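Okay, here's what each chain looks like letter by letter:
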Amino acid sequence: MIVTRKTGWLIGLVILMASCIEESETDLDRAINRDNLIMEDYIASNDIQATKAQSGFYYEKTLSMPDATQFMNADYIGIYYEIKTIDGQLIDSYLDESKEPKYFKYSQDGLWPIAITYAAGLAREGEEMTLYVPSYLAFGNYGYEQLILPASNLVIQLKFVEKYTEEELQQREEEMIQTFIAENNLQGFEEISDGIFFRTIEEGDDSKSESQLGSNVSIDFELFEIGATEPTFDSYSSNQPITFSIGNSGLLFLDEGLKGVLPEQKVEILATSFAAYDNSIQILPEDIRLDLVEKGEQIDLIKPFTPVWFKGEVLAIQ
């Protein structure tokens, strides 16, 4: 599906509770108590001088910046991180500061594992922290191949780089799009709205009426994350074109880009995430996103802070 899924949810607990759907509340409490005891023993046995957060994880500030700016709700934050189990198995590492940080929005549905989001509320720009996280604030009972085992308790290293404005991140993605256009010699794109670039590949049938606000448009399409060689979504493999009402698609780049098109017209749209999947949750590690979607979790398959490239052929307009 191409339609966006926009929900406010606490994904860690959703997965945990979904996996315990046939268990009683007492069984869930037992699992939480079990993890708390494991973490308490781990902290004590390793003589770790950590503070327990109200939500249940422990943390150490390994680099403190008391005069730096504290993060607030709805801030956009960049981080570097490493995630391991308490027995030392590496799950994911992103500590190379020659690369740009991973971004997320500081909100309940901005990033998973949720413990990192909670830690952001205790952090300032430039600070580094180590988190000791019970599984109910991590991956819960979710498992992925041999990388993540159910009920894994974690040690997470974090560096909070800085906070960014929406305008800064929008500009970043527009520059990514402009670079992509130049490197691939894509002629004819025009910016029709903030962060939305449009071009016609093949003219449509001008003997028929063009689309307008409220029109139902049927279209065959491919949708790529910018730079990807394979589409994330397409209608050709399933032979199921999409039909949507302009102004009500839930995706700004479609509402803007497909207004004023004609039947049989072939178009391409490049758009920033802010004009597309702006509510997509950051998932760490990235490799598990597809698996979560396939298991029915209501998240977008498109990664956050990632521009998209839409290629479409208009079939009909009503």
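Placed above this text is the structure.
Presented here is an overview of the structure given in this document. (Residues numbered from 1 in each chain as written. Predicted model: local features only at pLDDT ≥ 70, side-chain atom pairs only at ≥ 80, totals over all residues. Heavy atoms only, no water.)

**Section: the overall build of the chain**
The cut-off we apply is this: Per the convention used, a helix needs a DSSP run of H or I reaching at least four residues, while a strand needs a run of E reaching at least two, with both numbered from the N terminus. Throughout, exposure labels follow a simple rule: accessible area from a 1.4 Å probe, protein chains only, divided by the maximum for the residue type, with under 20% read as buried, over 50% as exposed, and the rest as partly exposed. Here, residues are in contact when the closest pair of their heavy atoms is within 4.5 Å. Calculation of accessible area relied on Shrake-Rupley with a 1.4 Å probe; when residues are assessed, cover is drawn exclusively from the protein chains displayed. The positive count covers Lys and Arg only, the negative count covers Asp and Glu only, and His and the chain ends enter neither. Working definition for charges: the position is that of NZ of Lys, CZ of Arg, CG of Asp or CD of Glu.
A count of helical and extended segments in the chain gives 6 helices and 16 strands. Seen along its three principal axes, the alpha-carbon backbone of the chain occupies a region of about 75 × 50 × 30 Å. Buried residues in the chain amount to 51% of all 318 residues. A separation of at least 24 residues holds for 73% of the contacts in the chain among residues at least 6 apart in sequence. Entry remark: accessible area of the chain is about 15,300 Å², with carbon and sulfur atoms responsible for 44%. Averaged over its 22 positive side-chain charges, the chain has a centre that lies 2 Å from the centre of its 56 negative ones.

**Examining the pairing of strand β4 (residues 90–94)**
Let me state the cut-off plainly: DSSP calls a pair of strands paired once it identifies at least 2 bridges connecting them.
Here 4 bridges tie strand β3 (residues 76–85) to β4, and the two strands are oriented antiparallel to one another. Note on β4: the bridge partner recorded for I83 is D92. Connecting β3 to the next strand, β4, in antiparallel fashion are 4 residues, including G88 with a positive phi near 95 degrees.

**So, the nonpolar core**
Where we set the bar: Side-chain atoms within 4.5 Å are what join buried Ala, Val, Leu, Ile, Met, Phe, Trp, Tyr and Cys residues into a set we call a nonpolar core.
Core analysis: the biggest nonpolar cluster contains 69 residues, and I79, F160, F253 and L258 have the highest contact counts within it. Residues in contact with F253, not counting those within four places in the same chain, are I196, L223, L258, I269, A271, A275, A276, V308 and F310. Judged by nonpolar contacts, the second largest core, of 10 residues, contains F180, F189, F224 and L270.

**Here we look at a negative patch on the surface**
Here is the rule: Nonpolar side chains (Val, Leu, Ile, Met, Phe, Trp, Tyr) are joined into patches within 5 Å and like charges within 9 Å, using only residues with over 30% relative accessible area and no salt bridge. We define a salt bridge as a side-chain nitrogen of Lys or Arg found within 4 Å of a carboxyl oxygen belonging to Asp or Glu.
Taken together, the side chains of E162, E166, E167 and E168 define an acidic patch exposed on the protein surface. The biggest single contributor to the negative patch is helix α4 (residues 166–183), with 3 residues. Topologically, E162 is positioned in strand β8 (residues 154–164). The class of E162 is partly exposed, set by a relative accessible area of 34%.

**Description of the packing of aromatic side chains**
Quick note on the threshold: Aromatic rings from Phe, Tyr and Trp, with only the six-membered ring used for Trp, were paired whenever their centres fell within 6.5 Å, and each pair was classed as stacked if the ring planes differed by under 30 degrees, edge-to-face if by over 60, and tilted otherwise. Only when the NZ of Lys or the CZ of Arg is both within 6 Å of the ring centre and within 35 degrees of the ring normal is a charge said to sit over the ring.
Summed over the entire model, instances satisfying the criterion amount to 16 aromatic pairs. When the ring of Y81 is compared with that of Y94, the centres are 5.9 Å apart and the planes differ by 20 degrees; the resulting orientation is stacked. A residue pair is termed long-range when its members are at least 10 positions apart, and Y81 in strand β3 and Y94 in strand β4 qualify at 13 residues. Taken individually, Y81 and Y94 each receive the classification buried, so the pair is uniform in this respect. An angle of 65 degrees between the planes, with centres 6.3 Å apart, marks the rings of F274 and F305 as edge-to-face. Taken together, the residues span a long stretch of sequence, with F274 in the loop between β14 (266–271) and β15 (282–283) and F305 in the loop between α6 (289–294) and β16 (308–317) at a distance of 31 residues. Judged by its relative accessible area of 11%, F305 falls in the buried class. Counting every residue linked through ring pairs, the aromatic cluster contains Y76, Y103, Y164, F274 and F305. Sitting over the face of the ring of Y94, K102 holds its NZ or CZ atom 4.6 Å from the ring centroid. Stacked on the ring of W309, the Lys or Arg K311 has its end atom at 4.1 Å from the ring centre.

**Structural notes on the layout of surface pockets**
Definition in use: Buriedness for pockets is judged along seven lines, at least five of which must meet protein on both sides within 12 Å for an open set on the 1 Å grid over protein atoms alone, while cavities are sets there where a 1.4 Å probe fits but cannot get out, and lining residues have an atom within 4 Å of a point. Grid points are joined across faces, edges and corners, and a volume is the space filled by probe spheres set on the points. Polarity classes work like this: nonpolar for Ala, Val, Leu, Ile, Met, Phe, Trp, Tyr, Cys and Pro, charged for Asp, Glu, Lys and Arg, and polar for all others, with Gly in that last group.
Taken as a whole, the largest pocket encloses approximately 230 Å³ of empty space. As for the largest pocket, its lining consists of 13 residues, and the residues nearest its centre are E100, K102, R172, E286 and T306. Among the elements of the structure, β5 (102–105) and α4 are those that each provide at least two residues to the lining of the largest pocket. When its residues are assigned to classes, the lining of the largest pocket shows 6 nonpolar, 2 polar and 5 charged.

**Comments concerning the pattern of salt bridges**
Opposite charge on two side chains permits them to pair, given that their charged atoms come into close proximity. For the coordinates displayed, the defined rule picks out 13 salt bridges. Close ionic contact of K266 with E202 constitutes a salt bridge, the shortest N to O distance being 3.8 Å. In this pair, K266 sits in strand β14 while E202 sits in strand β10 (residues 196–202), placing the two residues 64 residues apart along the sequence. In this structure, the salt-bridge partner of D205 is K208, at a minimum N-O distance of 4.0 Å.

**Brief notes about the environment of I156**
Within the element layout of this structure, I156 appears in strand β8. For I156, a relative accessible area of 0% corresponds to the buried category. Separated by 25 residues in the primary sequence, I156 and L131 have C-alpha atoms spaced 5.0 Å apart. Those residues in contact with I156 that sit more than four places away from it in its chain are E82, I83, I116, M129, T130, L131 and V133.

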